[in-house]
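Observations on chain architecture
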2 protein chains.
Amino acid sequence: MFKTKMTLGIDIGGTNTVFGFVDNQGHVIIEKTIPTEAKQGAQKLFSELAKNIKNILTKLQKNYEFMGVGIGAPNANYFSGSVENPPNLSWGHVNIVEAFQKHFDIPVFVTNDANATAIGEMLFGAARGMKNFIVLTLGTGLGSGIVIDGKLVYGEDGFAGELGHTCVEINGRQCGCGNKGCLEAYVSATGIKKTVFNLLGSRTAESALRDISYHQLTAKKIAELANHNDPIALEAFQFTGKLLGLSMANAVAFSRPEAIILFGGLAAAGELLLAPTRISFEEHLLGIFRGKIKILKSGLEVGNSAVLGAAALAWSELETKKLI
Amino acid sequence: MFKTKMTLGIDIGGTNTVFGFVDNQGHVIIEKTIPTEAKQGAQKLFSELAKNIKNILTKLQKNYEFMGVGIGAPNANYFSGSVENPPNLSWGHVNIVEAFQKHFDIPVFVTNDANATAIGEMLFGAARGMKNFIVLTLGTGLGSGIVIDGKLVYGEDGFAGELGHTCVEINGRQCGCGNKGCLEAYVSATGIKKTVFNLLGSRTAESALRDISYHQLTAKKIAELANHNDPIALEAFQFTGKLLGLSMANAVAFSRPEAIILFGGLAAAGELLLAPTRISFEEHLLGIFRGKIKILKSGLEVGNSAVLGAAALAWSELETKKLI
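The structure displayed is predicted, hence computed values, not measured ones. (Residues numbered from 1 in each chain as written. Chains lettered and ligands numbered in written order. Predicted model: local features only at pLDDT ≥ 70, side-chain atom pairs only at ≥ 80, totals over all residues. Heavy atoms only, no water.)

**Focus on helix α6 (residues 231-255) of chain B**
Residue and element names in this part refer to chain B. This is how it is decided: Helix and strand assignments follow DSSP, with helices taken as H or I runs no shorter than four residues and strands as E runs no shorter than two, numbered in order from the N terminus. A helix is expected to reach a length of 1.5 Å times the quantity of its residues less one. Exposure classes here rest on a 1.4 Å probe applied to the protein chains alone. A residue is buried below 20% of its type maximum, exposed above 50%, and partly exposed in between. We call two N or O atoms a polar contact when they sit within 3.5 Å, provided that within protein one can donate a hydrogen and the other can accept it, with sequence-adjacent residues counted only if both atoms are side-chain atoms.
Here α6 contains 25 residues, and its C-alpha end-to-end distance of 36 Å stays within 8% of the 36 Å for a straight helix at 1.5 Å per residue. Within α6, 19 of the 25 residues are buried, which leaves the element mostly enclosed by the surrounding structure. One side-chain oxygen at the N-terminal end of α6 lies 3.0 Å from the backbone nitrogen of I232; it belongs to D230. Looking one or two places after α6, you find R256, whose phi comes out positive at around 40 degrees.

**A closer look at the packing of aromatic side chains**
Basically, it comes down to this: Centre distance within 6.5 Å is the pairing criterion for rings of Phe, Tyr and Trp, where only the six-membered ring of Trp is used; planes under 30 degrees apart are then read as stacked, over 60 as edge-to-face, and the remainder as tilted. Note on geometry: a ring has a charge over it if NZ (lysine) or CZ (arginine) is within 6 Å of the ring centre and within 35 degrees of the ring normal.
Under the definition given, this model contains 19 aromatic pairs over all chains. On the basis of an interplanar angle of 65 degrees and a centroid distance of 5.2 Å, the ring pair of F197 of chain B and Y214 of chain B is categorised as edge-to-face. With a gap of 17 residues between them, F197 of chain B in helix α4 (residues 189-202) and Y214 of chain B in the loop between α4 and α5 (219-227) connect regions that are remote in the sequence. Here Y214 of chain B falls in the partly exposed class, since its relative accessible area comes to 32%. These aromatic residues form a ring-pair network of at least three members: F21, F46, F66, F100 and F104 of chain A. In this structure, K54 of chain B packs its charged tip against the face of F104 of chain B, placed 5.3 Å from the ring centre.

**Section: the interface of chain A and chain B**
Let me state the cut-off plainly: Residue contacts follow a heavy-atom distance rule, with two residues in contact if any of their heavy atoms lie within 4.5 Å. As a working definition, buried area equals the accessible area (1.4 Å probe) given up by two parts on being put together, with both sides summed. The term salt bridge refers to a side-chain nitrogen of Lys or Arg lying within 4 Å of a carboxyl oxygen of Asp or Glu.
Chain A puts 40 residues into the contact, and the matching count from chain B is 40 residues. Of all residues in chain A, the largest losses of buried area upon contact with chain B belong to E156, I170 and F254 of chain A, amounting jointly to 21% of the total for that side. Summed over the shared surface of chain A and chain B, the number is 4 salt bridges. With a shortest N-O distance of 3.0 Å, R256 of chain B and D157 of chain A are connected by a salt bridge. Linking chain A with chain B are 22 residue pairs in polar contact (both at pLDDT 80 or more). Listing elements by their share of the side of chain A that touches chain B, those giving two or more residues are β9 (142-148), α6 (231-255) and α7 (271-284) of chain A. For the side of chain A that touches chain B, the element with the most residues is α6 of chain A, which contributes 8 residues.

**A closer look at the side chain of N179 of chain A**
Within the element layout of this structure, N179 of chain A appears in the loop between β10 (151-152) and α4 (189-202). With a relative accessible area of 8%, N179 of chain A lands in the buried category. Look past the residues within four positions of N179 of chain A in its chain and what remains in contact with it is R173 and Q174 of chain A together with E283, H284, L285, L286 and R290 of chain B.

**Section: the relation of the copies chain A and chain B**
Note that the two copies of the chain are related through a rotation about an axis and a translation along the same axis. The condition that has to hold: The copies were overlaid by least squares, fitting only the C-alpha atoms of residues that reach a pLDDT of 70 or more in each copy.
Its rotation angle being 180 degrees, the transformation that places chain A on chain B also includes 0.0 Å of axial translation and leaves an RMSD of 0.0 Å. Those values place the two copies in the arrangement expected of a two-fold rotation axis. When the interface residues of chain A are mapped onto chain B, 100% of them again fall at the interface, so both copies present the same face.

**Concerning the pairing of strand β8 (residues 133-138) of chain B**
Both faces of the sheet carry side chains from a regular strand, because those side chains alternate between them. Residues and elements named next belong to chain B. What counts, and what does not: Strands were regarded as paired on the criterion that DSSP finds at least two bridges between them.
Of all the 6 residues making up β8, 6 are buried; the element is thus mostly covered by neighbouring parts of the structure. Where β8 meets strand β9 (residues 142-148), 6 bridges bridge the pair, whose relative direction is antiparallel. Of the residues in β9, the one forming a bridge with T137 is G143. Connecting β8 to the antiparallel partner β9 that follows it, the hairpin turn spans 3 residues. Strand direction decides the pairing type here: β8 and strand β11 (residues 259-263), joined by 5 bridges, are parallel. If you follow V135 over to β11, its bridge partner there is I261.

**A few points about the sheet that holds strand β2 (residues 16-23) of chain A**
Residue and element names in this part refer to chain A. Applied cut-off: To define axes, lines are fitted to C-alpha atoms, for helices over the stretch in contact only, and angles between the resulting N-to-C directions are given on a 0 to 180 degree scale.
Strand order in the open sheet formed by 5 strands is β3-β2-β1-β4-β7, and the pairing between neighbours is mixed. Strands with a single pairing partner mark the edges of an open sheet, and in this sheet they are β3 (28-35) and β7 (108-111). The mean angle between the axes of side-by-side strands here comes to 20 degrees, regardless of whether they run parallel or antiparallel. Two elements, strand β4 (residues 64-72) and β7, share 4 bridges in a ladder whose sense is parallel.

**Side note on the sheet that holds strand β1 (residues 4-12) of chain B**
All names here are of chain B. Pairing is mixed across the open sheet formed by 5 strands, whose spatial order is β3-β2-β1-β4-β7. On the outer flanks of this sheet lie β3 (28-35) and β7 (108-111), each paired with one strand and no other. Each strand of the sheet is rotated relative to its neighbour by a mean of 20 degrees, with strand direction disregarded. Set on the sheet, helix α1 (residues 42-60) makes contact with β1, β2 (16-23), β3 and β4 (64-72); between it and β2 the angle comes to about 30 degrees.

What follows is the structure in structure tokens.
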């Protein structure tokens, strides 16, 4: 009987690990979440994953053929197959390709979550059919995946595409990476919070934000207040959009993509962020690029995006390496 | 008899056009310069070129086989084969592939001068054997050529690689392109002159630079004075290196090259510029890249670099397209 081919996408996060089987049209056949329990180590997580996956496979194997695995994880390296001192996972250096292949004899590919998202957009999302695009993931931090001529940019060591750590202000705000003035320190859920607190210090305007502590405040709350015309919240979005637009224009000067795709929690603020971003983007673009580069929202379903990205990596690699 | 294969490299500048035949080892067989005489139009220049080339070919054809042509010109587009409103050449829009092929039935490839230089470095210069590198041409302006996975980055329309027009200071110095804060407005022969004049306004230090008018001053003179410990000239190099290093670190975050190669007149200032550049570069690099990226000087002979770059484009394209 003819079987439908499927790949497995796994997204390893600090708290939870999500995995799911996906066909080559980007339909999620089944998806499941288990706790990562980072402290118990990588081998424990992979044993747990293997048990779950074997259970699912016994049900699916009549109709589906399991082709390969894509794994998205923080600091994961495409070339080495390892995660290297990932933040939020006290794992040190672990080869996750080998960790998975202890349980299954099948091709496994890994990359970081932002790169996986970019491949997800290319196969199943807003970048379908595009050869040159950039995906910015605006979450707690700012991740990026860059595609040039249909290929993800890995650079010399697999760690290219770190636009969150380009400097947008000399001697600027301190970033979690230790440097100063990184884009991520401004344009991210954490960044906009910091901007709000700077503004509370430097402006006199009354604001509901003056009743919220730093630890209590979320980007979602800032968006909510901006939608109610809170002046500090509005200015925080204006400022964030200005730096985002400028950085997007800088990225265009580098690789001249067809589109830049915005993904992640902060991008969900919609026009609050997009309107000032568009203005700053066009203003900072070199004349020959003006009016020609699309700014798009992610085309991946919010709930499934991590698994779709990781599974897309598997599809893309299996095809490139002619394993399919 | 066995003939040595050769390509023709042509570099079209605002004042002069240099052309020369080059073998596949990067040896210049013969090189010649004629005035561009931009006002008389492109067709006139190409007729003049053709006459000269035919003369040379009658002498060379016994021992050499003419394989193809590479042309480097300002604003030249790899995809369209045209120069599009080039600065310093009042030509409007001219297809220079067609203009050349009116005279010779041979493959012709074009790109801008900064990209041609990058290919020259890859085949014959400091980037031999490298797959990922960036060449910055620090001349009157700042040009760049970016190579990822062994291929020059052209982007969606052929105009990628414009690092000179990335913004390094919000609301910064006016750039010739009309935008504000572009890298080129700071890090170029023109940029360092502007920095000197800003410093003459904001510092009280005595300096020989206070006796030189803006129009008289050259980057070479600034370097000369800096070598004699002129405080303004020294600070101008410090400042220029700081912005150059920061921008190079930003470029690394994008494509993680093996090396960044510095080319052009301002780069010839050597340690005056390199010392502060290195410090700022390492300071602004993301931790995982620190100490791993080489900063190299051009490996192309100064006198022949333009022709070598253009000829290298021809060699590279002929090979990629299996025309050789």
